[in-house]
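Now for the letters of each chain:
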Amino acid sequence: MPPVEMLTHTADLRIRVSAASIAELFAEALRGMTNASGPVWAGENEISREVSVSSPDRNALLVDFLSEALRWGDTNNEAYTNVVFEEISDTSLRARLIGRPIKGLALEIKAVTHHELEIKRSASRWTTNIIFDI
Amino acid sequence: MPLPASIRKISDEIWEIPRSHRADMRVPARIYADEVLLKEIENDRSIEQLINVATLPGIQKYALAMPDMHEGYGFPIGGVAAFSAEDGIISPGGVGYDINCGVRLLRSSLVEGDVRLHLPALANQIFRDVPSGVGRGGRTKLSVSEMDQVLLRGAQLMVERGSGSQNDLDHSEESSSMPGADPSAVSDHAKKRGLDQLGTLGSGNHFLEIQVIDEIFDSAAASSFGLKQGCLAVAIHCGSRGIGHQIATDYIRLMIPKLAGWGIALPDRELACAPIGSPEGQKYYSAMAAAANFAWCNRHMIMEAVRAAWRRILEPALKNADLTLPLVYDVAHNVAKRETHVIDGRSVEVVMHRKGATRAFGPGRPEIPDAYRQIGQPVLIPGTMGTASYVLAGTEQGMEQAFGTSCHGAGRRMSRAAAKRTVSGPELRQKLESQGIVIRCDSARGLAEEAPEAYKDVDRVVRIVDRAGLARKVARLKPIAVIKGG
């Protein structure tokens, strides 16, 4: 199973993310969001942004983490393709987003929604659907 | 989701899912559709989303869906719900992320023949002067204190500074300045996302069109709105950009951990809400009104840029012609507002949520501008770039049936990926240009995603609105130039 699959949605963007661990799931979700937005890179300089998020549970934590990445990217004209977790639990995380400056995006992702987002474990994989407002 | 077995036909245009369909429903769900449109929405999750809306605390009468209904998140697009202002809720997910996404229509006394030769130059000038596309900033860079003024006062601020006129404010929902806005309810993060976005279209389904008034259905209403067959109009469709997105994100995040304490159980977290009387509910209302004011200011500035481009290109060629572009009206289609409606024979204050739905107030309502009060509120329905748009007028019947609400557009029927597989951007451009429609869009992908084939039949959607009595047809407009981001 590929880590990120594009699913259909009438108006917005629905993806399914799958990974061997929660940290990898969050990282793949970040990459899935960035890839879907089609960044036009503005240079090779690596950028690092620190994020710190607390949420009521794991599902909300994923939405809040991706929302933070979206906000940093939109405010600073950047996109992130990797994340280094310094700490991650079911309800909080501290991490560094790694990315590059962008000239623009092919697709505007307005927001990360909670709709249908439910992190589940089956066999040795963690999976969830995520719907982005575009 | 297949149609529930419990669904019953109320009339040719109304279908009802009874309250007994699911134990947590507080009211029935009503869908305005014919059998063709009903079949289309079976392909997505919009019916389930509408049923979820019917479970929210304080909901009045029905959870409603307009004929352009399709799958969203939380509320379906085309979803409408009124919640008691005494003991109901307010839901950021019921408004959506693009707060006060809406449409503004300007009218011209010029006819197509006057501008046909100049249309490419005019479209080029507007494309240059109105930034569009993902993340494209505008020419106006606000300071944080200027942003606060925009959030507090909307387009009134622009008029006081000499941009536009009082007439523009008089011809807009809420006079382009929603009361109750409070910039201190908006996070610094949200403000930062909007500092360079005033006067910009954005991307996706947002657009600017030059249109020709193709047919008049109601002469008296058209005359009142200043619409004449054969004359031109300009439609502007956009919203509150990044600031609205961040406000919705911030408040959904704030409300989710508090739901249990308020005794609210939700079938979908995206319906996150707060009691309207709670500090969180009040604060969201103030922040949402601030974003709505940003959106009205945004459309006002785009309107002014279009007026300047119109004069610059047409003045040298059309000396002595009337080159003014008066505002017909401006409507919001993603917003929550306090309104008074008659429910079970008594006047009740509600918090109306319209997500992908347009206010369509009938004659006599004090919220309608003086010039239109006898006729009913103008309702602006953008179609697709290859078909048609409509102007409707609100009705008494619509007030009784649907809290004075109409559809907001054609409504998507095809995902963006499916649209790209079905339609080639370059071929679509060629096809539209062969029909005499000038296209200015940098992105072939963006063009394909918004192809007419990706949308429901706008004529059918509007026919249902008209036959159901939610609003009546006044005029149909066809595009002759389309300007959009990718």
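Above this text you will find the structure in question.
Worth saying up front: this structure is predicted, and the values here are computed from it rather than measured.

### Re the overall build of chain B
- The secondary structure content of chain B amounts to 17 helices and 19 strands.
- Its C-alpha radius of gyration of 21 Å places chain B within 12% of the 23 Å reference for a compact globule of 486 residues.
- Considered along the principal axes of its C-alpha atoms, chain B spans approximately 65 × 50 × 45 Å.
- Per-residue burial for chain B yields a buried fraction of 65% across its 486 residues.
- Of all intrachain contacts in chain B linking residues separated by at least 6 positions in sequence, the fraction that spans at least 24 positions is 77%.

### Quick notes on the sheet that holds strand β1 (residues 8-9) of chain B
All names here are of chain B.
- On the basis of which strands lie adjacent, the open sheet formed by 7 strands has the order β1-β2-β3-β4-β5-β13-β12 and mixed pairing. Since the sheet does not close on itself, it has two edges, and those belong to β1 and β12 (334-343), each with one partner.
- Note: strand β2 (residues 14-17) against strand β3 (residues 29-32), 4 bridges, orientation antiparallel. Of the residues in β3, the one forming a bridge with W15 is I31.

### Some words on the interface of chain A and chain B
- Every contact between the two is made by 30 residues of chain A and, on the other side, 35 residues of chain B.
- Around 2900 Å² of area is buried between chain A and chain B when both sides are counted, 49% of it from carbon and sulfur atoms.
- Our count for the contact surface shared by chain A and chain B stands at 7 salt bridges.
- Across the salt bridge formed by R14 of chain A and E71 of chain B, the nearest N and O atoms sit 2.6 Å from each other.
- Scanning the region where chain A abuts chain B turns up 18 residue pairs in polar contact (both at pLDDT 80 or more).

### A short note on the pattern of salt bridges
Residues and elements named next belong to chain B.
- Per the counting criterion, the structure on display carries 49 salt bridges over all chains.
- In this structure, E174 and K337 form a salt bridge, with 3.0 Å as the shortest nitrogen-oxygen distance. Residue E174 is found in the loop between α8 (166-170) and α9 (188-194), and its partner K337 is found in strand β12; the two are separated by 163 residues along the sequence.
- The salt bridge partner of D370 is R373, with a shortest N-O separation of 3.0 Å.
- Through salt bridges with shared partners, a single network forms among R412, R416, K420, R445, E449 and E450.

### Notes on the pairing of strand β1 (residues 4-7) of chain A
Residues and elements named next belong to chain A.
- Strand direction decides the pairing type here: β1 and strand β2 (residues 13-19), joined by 4 bridges, are antiparallel. When the bridges of β2 are listed, L7 appears paired with R14.
- Adjacent in sequence and paired antiparallel, β1 and β2 are bridged by 5 residues.

Parameters at a glance
- Residues numbered from 1 in each chain as written.
- Chains lettered and ligands numbered in written order.
- Predicted model: local features only at pLDDT ≥ 70, side-chain atom pairs only at ≥ 80, totals over all residues.
- Heavy atoms only, no water.
- Helix = DSSP H or I, 4+ residues; strand = E, 2+ residues; numbered from the N terminus.
- Rg over C-alpha atoms; globule rule 2.2 N^0.38 Å.
- Buried < 20%, exposed > 50% of the residue type's maximum accessible area, 1.4 Å probe, protein only.
- Contact = heavy atoms within 4.5 Å.
- Pairing = 2+ DSSP bridges.
- Buried area = accessible area lost by both parts, 1.4 Å probe.
- Salt bridge = Lys/Arg side-chain N within 4 Å of Asp/Glu carboxyl O.
- Polar contact = N/O pair within 3.5 Å; in protein donor to acceptor, adjacent residues only side chain to side chain.

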